[in-house]
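Spelled out, the chains give:
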Amino acid sequence: MDTHEGTAPGIDLEPAARQIRELIGSVGDRQLTGPTPCPGYSVRELLGHLLGLTVAFRDAAHKKPGPTTDTSPTSDLPVLPADWRTALPPLLDELVAAWRSPAAVEGMTRAGGVDLPGRVAGMVVRNELVVHGWDLARSTGQEFRADEASLRSSEAVLAPGDDDRSGPDAIFGPPVPVPAGTPLVDRVIALSGRRPDWQPGG
């Protein structure tokens with residue numbers, strides 16, 4: 001008998017996480033100090049943020065409260081550990097596995113010091129992987145490839161609503177206007193407050 005019959009499925013983070021794993025393999029040491037589209041972050045700090053959110057949302061999926069889930073992402077600049085190249089890929093695998101479980105999306109959880117429904121938390125981390133994957137690709141001169149399901153999920157998360165993006169604690173800036181007919185990936189990036197044509201030198 002299937003004990004999960006009628007239970008909502010988990011959230012598939014594999015495509016977005018796979019993109020991150022592919023990108024970090026081509027990041028050179030000299031690129032770590034370069035700028036990113038993420039305000040105030042160098043590539044080093046962007047990678048530190050990715051590592052931190054991977055751990056935090058893995059623990060959020062397991063409903064495991066503690067320092068990893070209580071800390072606001074805007075509290076301090078992220079610190080990138082020396083072993084990040086070997087540490088981040090298995091952490092991404094753990095994150096993907098955690099959110100595949102139907103239990104991850106049930107009830108409430110906590111991430112970034114905020115209590116929120118499990119399914120919402122899963123959509124939030126999916127969006128973080130998509131947007132920061134684009135940040136990393138654009139900052140290091142790599143190709144960004146995102147699957148449509150992940151992009152659609154990000155579009156739903158970032159769609160303008162009642163959230164205030166003007167305060168100092170806002171995670172994403174106000175949406176950037178783009179012309180009608182703009183590709184989905186560029187619309188999503190614009191919704192995150194970034195210019196889709198951003199380049200490290202401009």
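Thresholds, definitions, all that
Residues numbered from 1 in each chain as written. Predicted model: local features only at pLDDT ≥ 70, side-chain atom pairs only at ≥ 80, totals over all residues. Heavy atoms only, no water. Helix = DSSP H or I, 4+ residues; strand = E, 2+ residues; numbered from the N terminus. Buried < 20%, exposed > 50% of the residue type's maximum accessible area, 1.4 Å probe, protein only. Contact = heavy atoms within 4.5 Å. Salt bridge = Lys/Arg side-chain N within 4 Å of Asp/Glu carboxyl O. Core = buried A, V, L, I, M, F, W, Y, C linked by side-chain atoms within 4.5 Å. Pairing = 2+ DSSP bridges. Axes fitted to C-alpha atoms, helices over the stretch in contact; angles between N-to-C directions. Parallel < 35°, antiparallel > 145°, perpendicular 65-115°, else oblique. Left-handed = near helix turned anticlockwise from the far one by under 90°. Nonpolar A, V, L, I, M, F, W, Y, C, P; charged D, E, K, R; others polar.

Examining the overall build of the chain
Right, on to step 1. Regarding its fold elements, the chain presents 7 helices and 2 strands.
Right, on to step 2. Ordered by position from N to C terminus, the α and β elements of the chain give α-α-α-α-β-β-α-α-α.
Right, on to step 3. Counting the 202 residues in the chain, one finds 45% classified as buried.
Right, on to step 4. Long-range pairs, those at least 24 residues apart, make up 73% of the contacts in the chain with a sequence separation of at least 6.

Thoughts on the pattern of salt bridges
Right, on to step 1. As enumerated under the stated definition, the model contains 15 salt bridges in all.
Right, on to step 2. Asp59 is paired through a salt bridge with Arg58; the nearest N and O atoms lie 3.0 Å apart.
Right, on to step 3. The class for Asp59 is buried, based on a relative accessible area of 5%.
Right, on to step 4. We note a salt bridge from Glu148 to Arg152, for which the minimum N-O separation is 3.3 Å. Residue Glu148 and its partner Arg152 are both found in helix H6 (residues 148-158); the two are separated by 4 residues, about one turn of the helix.
Right, on to step 5. Judged by its relative accessible area of 40%, Arg152 is partly exposed.

Quick look at the nonpolar core
Right, on to step 1. Core analysis: the biggest nonpolar cluster contains 51 residues, and Leu13, Leu47, Phe57, Trp84, Trp99, Leu129 and Leu136 have the highest contact counts within it.
Right, on to step 2. Of all the secondary structure elements, the ones that give two or more residues to this core are helix H1 (14-24), helix H2 (43-61), helix H4 (84-100), helix H5 (118-139), H6 and helix H7 (184-191).
Right, on to step 3. With 10 residues, the top contributor of residues to this core is H2.
Right, on to step 4. Trp84 has contacts with Ile24, Val27, Leu32, Leu47, Leu51 and Pro89, leaving out every residue within four places of it along the chain.

Things to note about the pairing of strand S1 (residues 108-111)
Regular strands show a simple pattern: their side chains alternate between the two faces of the sheet.
Right, on to step 1. Burial along S1 is one-sided: Thr109 and Ala111 are buried, and none of Met108 and Arg110, which face the opposite way, are.
Right, on to step 2. Where S1 and strand S2 (residues 114-117) come together, 4 bridges link them in antiparallel fashion. Each bridged residue has a counterpart across the sheet, and for Met108 the counterpart in S2 is Pro117.
Right, on to step 3. Joining the antiparallel neighbours S1 and S2 is a turn of 2 residues, in which Gly112 adopts a positive phi near 60 degrees.

Examining the packing of H1 against H5
Right, on to step 1. Viewed as axis vectors pointing N to C, H1 and H5 meet at an angle of 20 degrees, and their least axial separation amounts to 9 Å. When the axis of H1 is compared with that of H5, the two are roughly parallel. In this structure, the crossing between H1 and H5 has a hand that is left-handed. For the pair H1 and H5, the contacting residues are Ala16, Ala17, Ile20, Leu23 and Ile24 in the first and Leu129, Val130, His132, Gly133, Leu136 and Ala137 in the second.
Right, on to step 2. Residues that form the contact of H1 with H5 fall into these classes: 9 nonpolar, 2 polar and no charged.

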